[in-house]
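Examination of the molecular architecture
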Amino acid sequence: MSTEPLSARTRSERLPAGAGTNAWIAFAGILLFLNGCFGALYGLAAILNDDVVTVGGGTGVTIWDFTAWGWIHLVLGVVMMLVSVGLFTGMGAARWLAIGFAMLNALAQFAIISAFPLWGILLIVLDVVIIYQLIVRWDPEA
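Reading the values: the criteria
- Residues numbered from 1 in each chain as written.
- Predicted model: local features only at pLDDT ≥ 70, side-chain atom pairs only at ≥ 80, totals over all residues.
- Heavy atoms only, no water.
- Helix = DSSP H or I, 4+ residues; strand = E, 2+ residues; numbered from the N terminus.
- Buried < 20%, exposed > 50% of the residue type's maximum accessible area, 1.4 Å probe, protein only.
- pLDDT = per-residue confidence, 0-100.
- Contact = heavy atoms within 4.5 Å.
- Expected span 1.5 Å × (residues − 1).
- Core = buried A, V, L, I, M, F, W, Y, C linked by side-chain atoms within 4.5 Å.
- Phe/Tyr/Trp six-rings, centres within 6.5 Å; stacked < 30°, edge-to-face > 60°.

Thoughts on the environment of Ala46
Along the chain, Ala46 turns up in helix α2 (residues 23-48). Residue classification places Ala46 among the buried positions, given a relative accessible area of 0%. Taking the C-alpha atoms as reference, Ala46 lies 9.2 Å from Leu74; in sequence the two are 28 residues apart.

Quick look at the confidence of the model for the protein
Chain-level statistics for the protein give a pLDDT mean of 77 and a share of 70% at 70 or above. Taken element by element, the protein is modelled with least confidence in helix α1 (residues 6-14), mean pLDDT 51, and with most confidence in helix α4 (residues 66-89), mean pLDDT 89. Within the model, the stretch residues 15-19 combines pLDDT values under 50 with six contacts to residues more than four positions away or in other chains.

A short note on helix α6 (residues 117-136)
Three or four residues apart is the spacing at which side chains of an α-helix point the same way, because the helix has 3.6 residues per turn. Its 20 residues place the ends of α6 28 Å apart at the C-alpha level, agreeing with the 28 Å of an ideal helix rising 1.5 Å per residue. Buried within α6 are the following residues: Gly120, Leu123, Ile124, Leu126, Asp127, Ile130, Ile131, Gln133 and Leu134. Against α2, α4 and α5 (92-112) lie the buried residues of α6.

Structural notes on the nonpolar core
In this structure, Leu32, Leu87, Ala98, Ala102, Ile130 and Leu134 are the most contacted members of the largest nonpolar core, which totals 18 residues. Residue assignment for this core shows that the elements contributing at least two residues are α2, α4, α5 and α6. Beyond its immediate sequence surroundings of up to four residues, Ala102 is in contact with Leu32, Asp127, Ile130 and Ile131.

Observations concerning the packing of aromatic side chains
A full pass over the atoms with the stated rule returns two aromatic pairs. Each ring, one from Phe38 and one from Trp119, has its centre 5.5 Å from the other, and the planes form 70°; the classification is edge-to-face. Taken together, the positions of Phe38 in helix α2 and Trp119 in helix α6 put the pair 81 residues apart, joining distant regions of the chain. Centre to centre, the rings of Tyr42 and Trp119 are 5.3 Å apart; their planes meet at 50°, and the pair counts as tilted. One end of the pair, Tyr42, is in helix α2; the other, Trp119, is in helix α6, with 77 residues separating them in the sequence. By the ring-pair criterion, three or more aromatic residues cluster together here, those being Phe38, Tyr42 and Trp119.

Structure follows, in structure tokens:
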């Protein structure tokens, strides 16, 4: 006989396999935190000295300049790190925010893809993995 309450037992029986709070949500939270750290560090580097982040032979950022790109990515990265803390605490709103900011970060990478093609593609792939894990492992009761 199970020791958990009846309401929790019936709720867990209704959920599809893998849904709810599990290791995949933690994995998405860790990826979101790391992606936010990467964005914040590159943004800070672009703000402090945009010659450092300019790739030799690259044409630069598609939209604005490296300093504006740096501010956008610094703010976006810090917000992504804060939202990942919300994912670890199990807040339902943090999942929506994480999906939204991962989508914004993926779109922001298109602005720098001419300067950092492989790095931009890697971060877009990380964002897609984060979005996938948060949508597929969605708990409708949370």
